[in-house]
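# Per-entry structural report
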Amino acid sequence: MSNPIGGMRKKVTDDRERRSLIRAPSESSINNLGVTSAAREPELATDQDVTPVFVYVLAFFSALGGFLFGYDTGVVSGAMLLLKKEMHLTALWQELLVSSTVGAAALSALAGGALNGLFGRRICILMASFIFTAGGVVLGAAPNKEVLLVGRITVGLGIGIASMTVPVYLAEVSPPHMRGQLVTIYTLFITAGQFIASVVDGAFTYLHHNGWRYMLGLSIVPAVLQFFGFLFLPESPRWLLQKGLTQQARQVLSRIRGGQNIEKEYDSMRTNIEDEEKEAGGGPVLWRMLTRPPTRRALTVGCGLQMFQQLSGINTVMYYSATILQMAGVRDDKQAIWLASATAATNFLFTLVGVWLVERVGRRKLTLGSLIGTVLSLTVLAVGFLLSAQHSPAVTLHPTDPTLNSTSCTLYGSCEPCMLDPGCGFCYRENGSTVYDSSCIPVNQTSADEAAWGRCSNLSQFSDGSLWAYNYCPTSYSWIVLLGLILYLAFFAPGMGPMPWTVNSEIYPLWARSTGNACSAGVNWICNVLVSLTFLHVAEYLTYYGAFFLYSGLTVLGLLFVLGCLPETQGRRLEEMEALFSGSLCSCGASDGDVGRVQKHPVQQRKRERHPLRQ
Ligand SMILES: O[C@H]1[C@H](O)[C@@H](O)[C@H](O)[C@@H](O)[C@H]1O
């Protein structure tokens, strides 16, 4: 019987045909050390455009780390709705339970660089899935809020390690012609995790008692699956080579390439690692990265991409989607939760578009296109909020507080400033699109679903037709906001969602790869905490439209950054990336697109020849 993996090869092409298409190296492929990429690698990746099924198995089990990342960050909003009632959580505790995970992820992502270097990618992924499992058990069984906090910090530690290790592992085991696609699948799994989390949230909100235990505890299933899967999966051959485990590296490479001839790829990796070791010098890796111009530039690009991903407000938009939908007229809480799953599904579906596009249009064009669309849709969102604010319904009733407490709520003349004050909400009645009998009332301290007193204070009294709006205002411009939300996801998800992870997994030389990814993932998580923690305060000072104009402005800066600094990495071998950063930082975008580039996958090449207009 032939090798079962090799026997399942999907695409086989003629070697000679491809070699004849390889270009001669030009000067721009000479890196700053005077070594040409092509000289290092006389043969381009010829055998690796055959994709053994084993690569997909590896991709699936690794990307489960992305699923857990998405699930654990996404599930908490629904769980919190139940938890705050059952455990009487104050606003501070709610904030702690949400942000502790992201904070812990930032720390463990930064520490993940050293762990990866010491123990390898496989052990780090096993470690992360073990931590996810332990965290899931603690969360599912937590008797009080303190234990919940321990569980949330634990899963955060798992998320951080997974978020920096999985893309690196995927990039290192992928054949070059589909590396972009496989690493982008990692982000697809993040968004799938967020989507499934929203569905689980929707399903268990009906279970008022202990529903949150299922929501938080269910993450154990994919975590255990990943743990057992990885017990049987191999270490990255590049890491093995770096550690001098040459025999093992050769065996693993041959296994993941489905038994094809790996000599050229193996030699190229080995020579490269030896060269790198000679060149890299001594001292801490981060210091070496910062003192060598090409790695310093790569690090700037990697961290910049991750920073601009978060500064474009993705997590605010996702988190805020339920409110946006409420503004758009969805009054029922349960319906809003289900519609929030539709938002998560949109994010997932458009990430799928990214997986499809990444090897067709390349990382640079995809990121640029995505940023342009993101800027425009953030502007649409901001304009929608601006029009809603300008036509905000007036406060017509001024009932006196029966408790005689003085509150700021009585000072507001319209809904807009009232809803921006976290202590107040808008109580009103409506006839078609006309709002009447409206007042600004303090919110109930234990539940933002009702007012502290008056006709909106008791859910059963809402039958008189009164409506309670907390955090939003009734408006007839909500359709613009809704349009902005959909456009935002459609543009962000294929490019700015996955590309920062994909590009970071490929731009660093091996000796700097784990540290580079640890730093950039850390930047992602730190910016994530900053943006989510500051959103409500920013909205209080700048109003909602101000906040979205701000995100739009920051995304314009991101666009300029990518335009000037992000080189195209599509089709290059990991070993060739350093040459892309040998020029000055802001000429990266203009670097020679094809030098040293692995020949396009012949199937794609043929398609292009048949449909030249699609290019
Ligand atoms: O790439 C991912 C993805 O776009 C997610 O939807 C988002 O929540 C994460 O913060 C981001 O890193």
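Every value quoted in this text rests on a predicted model; they were computed, and no experiment measured them. (Residues numbered from 1 in each chain as written. Predicted model: local features only at pLDDT ≥ 70, side-chain atom pairs only at ≥ 80, totals over all residues. Heavy atoms only, no water.)

Right, let's talk about the overall build of the protein for a bit. Helices and strands together make up the secondary structure of the protein, namely 23 helices and 3 strands. The long-range fraction of contacts in the protein, counting pairs at least 24 apart against all pairs at least 6 apart in sequence, stands at 77%. With the model as given, the accessible surface of the protein reaches about 24200 Å², and the carbon-plus-sulfur share is 64%. (Helix = DSSP H or I, 4+ residues; strand = E, 2+ residues; numbered from the N terminus. Contact = heavy atoms within 4.5 Å. Areas by Shrake-Rupley, 256 points an atom, 1.4 Å probe, with all protein chains shown as cover.)

Among the structural elements, Q251 can be located in helix α12 (residues 246-256). For Q251, a relative accessible area of 52% corresponds to the exposed category. Put simply, Q251 and T184 are 67 residues apart on the chain and 27 Å apart in space, counted from C-alpha to C-alpha. (Buried < 20%, exposed > 50% of the residue type's maximum accessible area, 1.4 Å probe, protein only.)

Between helix α15 (residues 293-311) and helix α22 (residues 510-565), the least distance of the axes is 4 Å, while the angle of their chain directions is 30°. Considering their axes alone, α15 and α22 lie roughly parallel with respect to each other. The residue inventory of the contact of α15 with α22, partitioned by class, reads 19 nonpolar, 12 polar and no charged. (Axes fitted to C-alpha atoms, helices over the stretch in contact; angles between N-to-C directions. Parallel < 35°, antiparallel > 145°, perpendicular 65-115°, else oblique. Nonpolar A, V, L, I, M, F, W, Y, C, P; charged D, E, K, R; others polar.)

This part is about the site of the ligand. Taken together, T187, T191, Q194, Q309, Q310, N315, N347, F492, G497, W501 and N524 make up the full set of residues adjacent to the ligand. Q310 is positioned with one of its side-chain polar atoms (N or O) 3.0 Å from an oxygen atom of the ligand. Against a free-state accessible area of 300 Å², the protein chains account for coverage of 98% of the ligand. Among the elements of the structure, α8 (179-204) and α15 are those that each provide at least two residues to the shell around the ligand. Per-element tally for the shell around the ligand: the top contributor is α8, with 3 residues. (Near = heavy atom within 4 Å. Polar contact = N/O pair within 3.5 Å; in protein donor to acceptor, adjacent residues only side chain to side chain.)

In this fold, T133 is placed in helix α6 (residues 121-141). Among all residues touching T133, those that are not within four sequence positions of it are I220, A223 and V224.

With that settled, consider the sheet that holds strand β3 (residues 467-469). Pairing within the open sheet is antiparallel, and its 3 strands lie in the order β2-β1-β3. Looking along the sheet, the strands with just one partner apiece sit at the ends: β2 (434-442) and β3. Put simply, the sheet's adjacent strands are angled 30° from each other on average, direction ignored. Pairing between strand β1 (residues 424-431) and β3: 3 bridges, direction antiparallel. Considered in β3, the bridge of Y428 is made with L467. (Pairing = 2+ DSSP bridges.)

Let us look at the nonpolar core. With 80 residues, the main nonpolar core has L83, L148, W212, L216 and W525 as its most contacted residues. The element best represented in this core is helix α7 (residues 145-173), accounting for 12 residues. In this structure, L148 is in contact with L83, M87, L97, L139, A142, W212 and L216, ignoring residues within four places of it in sequence. In terms of nonpolar packing, the next biggest core, distinct from the first, is built from 61 residues, M318, L371, Y472 and V538 among them. (Core = buried A, V, L, I, M, F, W, Y, C linked by side-chain atoms within 4.5 Å.)

Glancing now at helix α20 (residues 478-492). For α20, spanning 15 residues, the distance from its first C-alpha to its last is 21 Å, which sits close to the expected 21 Å at 1.5 Å a residue. Among the residues of α20, S478, I480, V481, G484, L485, Y488, L489, A490 and F492 are the ones counted as buried. (Expected span 1.5 Å × (residues − 1).)

Even without being glycine, N210 reaches a positive phi, approximately 70°. With respect to the helices, strands and loops of the structure, N210 is situated in the loop between α8 and α9 (211-217). Of note in the backbone geometry, D437 takes a positive phi value of approximately 45° without being a glycine. Counting through the fold element by element, D437 comes out in strand β2.

Inspection of the entire model under this criterion finds 4 disulfides. The disulfide that involves C409 links it to C424, with 2.1 Å between the sulfurs. In this structure the cystine formed by C409 and C424 twists about its S-S bond by roughly -90°; its chirality is therefore left-handed. Of this pair, C409 sits in the loop between α18 (363-390) and α19 (415-420) while C424 sits in strand β1, placing them 15 residues apart in sequence. When the bonded cysteines of the protein are numbered from the N-terminus onward, they pair as 1-4, 2-8, 3-6, 5-7. Unpaired in terms of disulfides, C303 finds its nearest cysteine sulfur in C519, a separation of 5.8 Å. (Disulfide = S-S within 2.5 Å.)

Running from amino to carboxyl end, α18 crosses α22 at an angle of 165°, the nearest separation of the two axes being 8 Å. Relative to α22, α18 is oriented roughly antiparallel. Considering the relative orientation of α18 and α22, their crossing is left-handed. Of the residues assigned to the contact of α18 with α22, the class counts are 20 nonpolar, 6 polar and 1 charged. (Left-handed = near helix turned anticlockwise from the far one by under 90°.)

For Y470, the position within the fold is in the loop between β3 and α20. C-alpha separation for the pair Y470 and W511, spaced 41 residues apart in sequence, amounts to 52 Å. Discounting residues that sit within four places of it in the chain, Y470 has contacts with P422, C424, G425, V443 and A448. Reaching out from Y470, the side chain makes a polar contact with the backbone oxygen of P422 at a distance of 2.6 Å.

Moving on, we get to the packing of aromatic side chains. In total, this model carries 19 aromatic pairs according to the counting rule given. With a centroid separation of 5.2 Å and an interplanar angle of 10°, the aromatic rings of F204 and Y214 are classed as stacked. Here F204 is found in helix α8, whereas its partner Y214 is found in helix α9, with 10 residues between them in sequence. A relative accessible area of 23% means that F204 is categorised as partly exposed. (Phe/Tyr/Trp six-rings, centres within 6.5 Å; stacked < 30°, edge-to-face > 60°.)

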